[in-house]
Amino acid sequence: MTALDEELRGIIAAEGPITVERYMALCLGHPVHGYYMGRDPFGAAGDFTTAPEISQMFGELIGLWTLEAWAGMREPRPVRLVELGPGRGTLMADLLRAARLRPAFVDAVEVDLVETSPVLRERQREKLAGAPVRIGWRERFSEVPDGPAIVIANEFFDALPARQFVRTDRGWCERLVGLSLDGELAFGLAPAPTQGLPPGGRAGDVLEWPGAALETVNAIAARLAALGGAALVIDYGYNGPGTGETFQAMKRHVHADPLATPGAADLTVHVDFAKLAAAAKTLGARIHGPVGQGAFLRALGIRERAARLQRRATPPQAAAIEQALVRLTDPGPRGMGDLFKVLCISHPHLRELPGFARAPNVAESLA
Ligand code: SAH
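In short, a report on the structure. (Residues numbered from 1 in each chain as written. Predicted model: local features only at pLDDT ≥ 70, side-chain atom pairs only at ≥ 80, totals over all residues. Heavy atoms only, no water.)

As a further point, take the environment of Leu-197. Position of Leu-197 relative to the elements: it lies in the loop between strand S8 (185-189) and strand S9 (206-209). In sequence terms Leu-197 and Cys-173 are 24 residues apart; their C-alpha atoms lie 9.9 Å from each other. Ignoring sequence-local partners within four residues, the contact set of Leu-197 consists of Phe-165, Trp-172 and Leu-207. (Helix = DSSP H or I, 4+ residues; strand = E, 2+ residues; numbered from the N terminus. Contact = heavy atoms within 4.5 Å.)

Below, the structure written as structure tokens:
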């Protein structure tokens with residue numbers, strides 16, 4: 001039993017079953033026992049691997065995208081570069097290295113890292129120690145100082161807690177986490193339906209409500225529409241009217257039971273891009289995409305970038321670069337090319353940006 005397991009049982013015994021949203025929030029963000037609070041979950045020895053940890057190409061291309069976004073914004077000085085959930089700081093380190101192509105950008109930029117985990121903040125501090133920019137850490141997006149901004153979020157939104165509702169003959173009933181007769185954590189349903197959800201649905205359908213993700217997107221969209229800038233949201237997700245159960249746990253790179261080891265496995269929900277895009281539009285922002293991660297990276301020139309890196313690599317290094325390229329862009333179930341999507345939210349007047357529609361390939365500029 002994990003320490004959080006015991007605490008959860010106590011809460012449920014005292015207050016009754018809790019929502020999936022609260023369960024997820026406690027498992028990931030409990031100040032002492034939360035999954036992200038006390039560990040570095042990435043890499044072969046951890047529970048999962050993310051795109052920036054697969055290859056430097058990912059962060060570099062996002063760096064070039066950032067320079068284009070800044071140019072499209074007419075190069076405001078200062079400009080804030082905000083990353084939500086920066087993990088080990090790898091994406092930001094690769095991004096800033098590529099951004100040195102425009103010294104004026106490096107001079108103008110102020111970096112804000114929005115991170116709740118003390119362990120990962122420390123990793124970020126170490127990784128970015130030599131970066132020639134000012135860096136501040138924030139608990140939440142609302143703490144980022146005013147001004148035009150470029151916001152990057154890779155595998156951040158899938159970690160934000162969501163509610164779940166199951167269609168019954170009484171209506172949509174909220175899924176709860178309670179205790180089974182033998183005292184184990186178990187899913188159940190609220191007896192009374194929740195009002196105000198869309199009609200329709202078939203018995204057993206699951207509807208997810210990403211409240212925290214919508215709140216964050218609303219804050220980003222309102223800020224960008226008012227003060228200028230662009231945000232790049234990259235995540236595992238779908239773009240369509242969605243019902244379906246996507247709440248899942250990952251432990252040591254395989255799927256796990258989300259109730260089995262609370263606080264010791266990563267919990268995620270797939271990102272509902274259509275819902276986030278619609279919310280951002282309502283607040284006056286412009287939407288670009290979503291496009292598949294593969295299409296996005298190819299449009300930025302990942303193939304050319306890989307070929308350039310391979311030219312000065314040993315044969316085993318060149319093979320590893322090829323493998324990373326496939327993993328980041330392949331549309332099949334083994335690659336991230338279609339499963340991961342990229343959405344850009346911007347000021348309404350910001351022009352077309354690379355990676356979306358007919359914008360130019362920018363990788364040629366990197367040495
Ligand atoms: N972007 C990184 C890490 C993704 S994992 C990468 O691609 O490798 C999710 C990250 O979000 C972690 O850094 C985690 O600590 C952070 N995080 C999770 N929930 C958060 C929240 N509510 N507020 C701020 N950061 C959060």
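Now for the pairing of strand S16 (residues 340-346). Most of S16 sits out of view: 7 of its 7 residues are buried. Of the two faces of S16, the one carrying Phe-340, Val-342, Cys-344 and Ser-346 and the one carrying Lys-341, Leu-343 and Ile-345 are both buried. In this structure, strand S15 (residues 286-292) lies alongside S16, joined through 5 bridges in antiparallel fashion. The residue of S16 that forms the bridge with His-288 is Cys-344. (Buried < 20%, exposed > 50% of the residue type's maximum accessible area, 1.4 Å probe, protein only. Pairing = 2+ DSSP bridges.)

This part is about the side chain of Glu-60. Locating Glu-60 in the fold gives a position in helix H4 (residues 56-72). You can call Glu-60 buried: its relative accessible area is 3%. Discounting residues that sit within four places of it in the chain, Glu-60 has contacts with Asp-94, Leu-95, Arg-97, Ala-98, Arg-305 and Leu-366.

In the structure shown here, the tally under the stated rule is 7 aromatic pairs. Measuring from ring centre to ring centre gives 5.4 Å for Phe-156 and Phe-157, while their planes differ by 85°; the resulting arrangement is edge-to-face. Pairing Tyr-236 with Phe-340 gives two aromatic rings, centres 5.3 Å apart and planes at 50°, and the pair type is tilted. One end of the pair, Tyr-236, is in strand S10 (residues 229-238); the other, Phe-340, is in strand S16, with 104 residues separating them in the sequence. In this structure Tyr-236 comes out as partly exposed when scored by relative accessible area, which is 26%. With relative accessibility at 7%, the residue Phe-340 sits in the buried group. Stacked on the ring of Trp-137, the Lys or Arg Arg-125 has its end atom at 4.4 Å from the ring centre. Lying over the aromatic face of Phe-187, Arg-175 brings its terminal NZ or CZ to 5.2 Å of the ring centre. (Phe/Tyr/Trp six-rings, centres within 6.5 Å; stacked < 30°, edge-to-face > 60°. Lys NZ or Arg CZ within 6 Å of the ring centre and 35° of its normal.)

The strands making up a sheet associate through hydrogen bonds between their backbones, and the pairing can be parallel or antiparallel. A sheet is described by the order of its strands in space; here 3 strands give the open sequence S12-S11-S13, paired in antiparallel fashion. Each edge of the open sheet carries a strand with a single partner, namely strand S12 (254-256) and strand S13 (266-268). Adjacent strand axes in the sheet meet at a mean angle of 40° when their direction is disregarded. Bridge count between strand S11 (residues 248-251) and S12: 3 bridges; the pairing is antiparallel. (Axes fitted to C-alpha atoms, helices over the stretch in contact; angles between N-to-C directions.)

In the region of the ligand, 16 residues are neighbours, and Thr-50, Gly-85, Gly-87, Glu-115 and Asn-154 sit closest. Separating an oxygen atom of the ligand from a side-chain N or O atom of Glu-115 is a distance of 2.6 Å. In isolation the ligand exposes 570 Å². Once the protein is present, 91% of that is buried. Of the residues that constitute the shell around the ligand, the class distribution is 8 nonpolar, 6 polar and 2 charged. (Near = heavy atom within 4 Å. Polar contact = N/O pair within 3.5 Å; in protein donor to acceptor, adjacent residues only side chain to side chain. Areas by Shrake-Rupley, 256 points an atom, 1.4 Å probe, with all protein chains shown as cover. Nonpolar A, V, L, I, M, F, W, Y, C, P; charged D, E, K, R; others polar.)

Just distances and angles here, no functional claims.
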